[in-house]
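Next come the chains, spelled out residue by residue.
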Amino acid sequence: MLTKMIETLKKNPRTIVYTEGTDKRILESAHRLTQEGILGVVLLGKPEEVKAAAKAGNFNIDACQIIDPENYEGIDAMVAEMVKLRKGKMTDEQVRAALSKSNYFGTMLVKMGGADCLLGGATYSTADTVRPALQLIKTKPGNNIVSSCFILVRGDEKIAMGDCAINIDPSEDDLVEIAIESAKTAKIFGIDPKVAMLSYSTLGSGKGPSVTKVANATKKIKEAAPELAVEGEIQFDASVSPEVAEVKCPGSPVAGQANTFIFPDINAANIGYKIASRLGGYTAVGPVLQGLNAPINDLSRGCNAEEVYSMSIVTAALSVPEEETVDEEGLEAVVRAVVETMIAAFHIAKKTRHSYVLDAIGLSLPISSERFNISRYSASAFGINAFVYAFP
């Protein structure tokens, strides 16, 4: 799952800032990422303490930048920018005090372009990661909340679950946003999202406030994102078992094959992903925070170094704009479609011995059966093979 992300990052260099520069798990990840040439790394903390911790763990952090928030030469500009962002809610003195803390300093470093993304929370709460992000990075246009999604991996199988970490009791509209954002996150991880809006009821079989909330949210999702495959409200068994789906939800394009699960509240969501992780044999990647203007992600305080490494790659990959990445499969599909269309046109021209103009793909190419040849080339920049049609 990480291989394509690593390839993307090597083509599009990014820098991640770690807010806990002396933590052994962070240092091990920083060592690996820089040694493998995947990411630039900024470690926050007092240089002597960071270097001592790295030496004790036998980690090479020579390629990392170490910044001490309490002795940062650009602090005055950072203070001025944060005062402006807080719009009178914090004084100059309060801002300086906040920026002495790594979570606020790291978030402002991202805001001011000193890093592309941030990963923190190995030693502090999710709230301490999200609060500065909401105050300084803010939500993307069109988004009203920050939400979270876990990607669970077991062999080749991948599923998404949200919101397992942020919104305690989301409203109907919150669930709409959580579902749409989680579907986007699922796509990034190679999941073709089929969204199940989970409940203890399936299509009206049960009654209650939470059932109504989920059912109404599902209707709103279908209006807001008609292209998204979604079903709800639906019970978990009906969402994953084709046999149960046939009984409880016949004819549904999602029931029995869902892979993106949206829970009605954080109790169900947090318990659900941990059951899948601990008893189902899934590896949990996340939480991936959704809806922010820049990738800011949170670590579990119980995380290990491998999880830090994986989440770093995920977080950094989220900072690469779509226009900077190449969808190799999509490009190959386009090439194949062009080839098939032109071959079909050629056969028609050959049979009739007349010239045709191919405009189905937005081109005007005169085709003649006597003047037509095909050459093969390797599009090495995209790692695929394609056919080029030459018209002498």
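Residues numbered from 1 in each chain as written. Predicted model: local features only at pLDDT ≥ 70, side-chain atom pairs only at ≥ 80, totals over all residues. Heavy atoms only, no water.

(A) View of the environment of I188. Along the chain, the position of I188 falls in helix α8 (residues 172-188). Relative accessible area serves as the criterion here: at 48%, I188 is assigned to the partly exposed category. Residues I188 and M5, 183 residues apart in the sequence, show an inter-C-alpha distance of 9.4 Å. Apart from residues no more than four positions distant in its own chain, I188 is found in contact with M5 and L318. (Helix = DSSP H or I, 4+ residues; strand = E, 2+ residues; numbered from the N terminus. Buried < 20%, exposed > 50% of the residue type's maximum accessible area, 1.4 Å probe, protein only. Contact = heavy atoms within 4.5 Å.)

(B) Layout of the pairing of strand β6 (residues 157-162). In this sheet, β6 lies alongside strand β5 (residues 147-154) in antiparallel orientation, the contact comprising six bridges. The residue of β6 that forms the bridge with C149 is G162. The antiparallel pairing of β5 with β6 creates a hairpin that spans two residues between the two strands, and G155 there sits at a positive phi of about 65°. (Pairing = 2+ DSSP bridges.)

(C) Representation of the pattern of salt bridges in the model. Counted by the stated rule, this structure contains 17 salt bridges. The residue E306 makes a salt bridge to R32 at a minimum N-O spacing of 2.8 Å. Here E306, found in helix α13 (residues 305-317), pairs with R32, found in helix α2 (residues 24-35); they are 274 residues apart in sequence, far enough to count as distant. On the basis of relative accessible area, R32 is assigned to the partly exposed category, the value being 22%. A salt bridge links E181 to K184, with the shortest nitrogen-to-oxygen separation between them at 3.4 Å. Residue E181 and its partner K184 are both found in helix α8; the two are separated by three residues, about one turn of the helix. Under the relative-accessibility criterion, E181 is labelled buried at 6%. According to the relative accessible area criterion, K184 is partly exposed, its value standing at 44%. Taken together, the salt bridges that share partners define one network made up of R32, E36 and E306. (Salt bridge = Lys/Arg side-chain N within 4 Å of Asp/Glu carboxyl O.)

(D) Representation of the sheet that holds strand β4 (residues 117-120). If you trace the five strands from one edge of the open sheet to the other, you get β3-β2-β1-β4-β11, paired in parallel fashion. Sheet topology places β3 (65-67) and β11 (296-298) at the edges, where each strand pairs with a single neighbour. Pairs of neighbouring strands in the sheet enclose a mean axial angle of 20°, with direction left out of account. Of the strands in this sheet, β1 (15-18) and β2 (40-44) are in contact with α2, which crosses β2 at around 155°. Against the sheet, helix α6 (residues 102-111) touches β1, β2, β3, β4 and β11, its axis set at about 165° to β4. (Axes fitted to C-alpha atoms, helices over the stretch in contact; angles between N-to-C directions.)

(E) Main features of the sheet that holds strand β9 (residues 260-262). Pairing is mixed in the open sheet, where six strands are placed in the order β8-β7-β9-β6-β5-β10. Two strands close off the open sheet at either side, each with one partner strand: β8 (229-234) and β10 (283-290). Across the sheet, the mean angle from the axis of one strand to that of its neighbour is 20°, orientation sign disregarded. The pairing of strand β7 (residues 194-198) with β8 spans five bridges and is parallel. Across the sheet, residue L198 finds its bridge partner in β8, namely I234.

(F) Highlighting the environment of L44. For L44, the position within the fold is in strand β2. Taking the relative accessible area as the measure of exposure, L44 reaches 3% and is therefore buried. On a C-alpha basis, the gap between L44 and V17 in space is 7.5 Å, while along the polypeptide they are 27 residues apart. Beyond its immediate stretch of four places on either side in the chain, L44 contacts V17, Y18, T19, E20, G21, V50, I67, S102, F105 and G106.

(G) Here's a closer look at the environment of N103. One can find N103 in helix α6. According to the relative accessible area criterion, N103 is buried, its value standing at 10%. Those residues in contact with N103 that lie beyond four places of it in its chain are T19, L118, Y124, D128 and P132. At 2.9 Å, the side chain of N103 forms a polar contact with the backbone oxygen of D128. (Polar contact = N/O pair within 3.5 Å; in protein donor to acceptor, adjacent residues only side chain to side chain.)

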